Amino acid sequence: MKKLLIIIASTIVLFGCSSNSSFDQSMQKAKEAIVEKEFEKAEGFVELALENKKDDKEAKNYQKQLDHFNKGISKKESNMKEAKVDFEAVIKIEDGSSQLVKYAKEEITNLEKEPKKEDKKKTEEKNKKDEEKAE
């Protein structure tokens, strides 16, 4: 009976350790993918990590940050205001990826430097009119 209990306890400990190991490996790979700016790949690794530890706060925060960051990237060309909102959401999430926060801040800075589409259109129209007058 003692041997059976020892075997069961050992199995539980080993199984628990292997799932923690899988979680840790998945999170490490997610962090590496973020550094390499492979955000969709990072999302996949975070999902794997959450399969092993469903309630892990850090992994959930990474997931939220990656979701907002990817949305911001996809909106950057079509709707700069909404993209900025998504990048700001990345920054507001605590206990997540500091690297994603850095990237989100860079994206916001780039968006603020970029002239608005309406301003670009007006400038293009003005330049066209100026060219027509010069001819």
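Residues numbered from 1 in each chain as written. Predicted model: local features only at pLDDT ≥ 70, side-chain atom pairs only at ≥ 80, totals over all residues. Heavy atoms only, no water.

Section: the pattern of salt bridges
Part 1 of the reasoning: For the structure on display, the rule yields nine salt bridges.
Part 2 of the reasoning: As a salt-bridge pair, Asp-55 and Lys-60 come within 3.8 Å of each other at their nearest N and O atoms.
Part 3 of the reasoning: What makes Lys-60 partly exposed here is its relative accessible area of 33%.
Part 4 of the reasoning: A single salt-bridge network, built from bridges that share partners, covers Lys-75, Glu-82 and Asp-86. (Salt bridge = Lys/Arg side-chain N within 4 Å of Asp/Glu carboxyl O. Buried < 20%, exposed > 50% of the residue type's maximum accessible area, 1.4 Å probe, protein only.)

Section: the packing of helix 2 (residues 39–52) against helix 3 (residues 57–75)
Part 1 of the reasoning: In the contact formed by helix 2 and helix 3, the axes pass within 10 Å of each other and the chain directions differ by 155 degrees. When the axis of helix 2 is compared with that of helix 3, the two are roughly antiparallel. Like other packed secondary-structure pairs, helix 2 and helix 3 cross with a definite hand, here left-handed. In this structure, helix 2 contributes Phe-39, Glu-40, Ala-42, Glu-43, Val-46, Glu-47 and Leu-50 to the contact, and helix 3 contributes Ala-59, Lys-60, Tyr-62, Gln-63, Leu-66, Asp-67, Phe-69 and Asn-70.
Part 2 of the reasoning: The class makeup of the residues in the contact of helix 2 with helix 3 is eight nonpolar, two polar and five charged. (Axes fitted to C-alpha atoms, helices over the stretch in contact; angles between N-to-C directions. Helix = DSSP H or I, 4+ residues; strand = E, 2+ residues; numbered from the N terminus. Parallel < 35°, antiparallel > 145°, perpendicular 65-115°, else oblique. Left-handed = near helix turned anticlockwise from the far one by under 90°. Contact = heavy atoms within 4.5 Å. Nonpolar A, V, L, I, M, F, W, Y, C, P; charged D, E, K, R; others polar.)

Regarding the environment of Asp-67
Part 1 of the reasoning: Here Asp-67 lies in helix 3.
Part 2 of the reasoning: The exposure class assigned to Asp-67 is partly exposed, which follows from its relative accessible area of 32%.
Part 3 of the reasoning: Between the alpha carbons of Asp-67 and Ala-89 there is a distance of 9.9 Å; along the sequence they are 22 residues apart.

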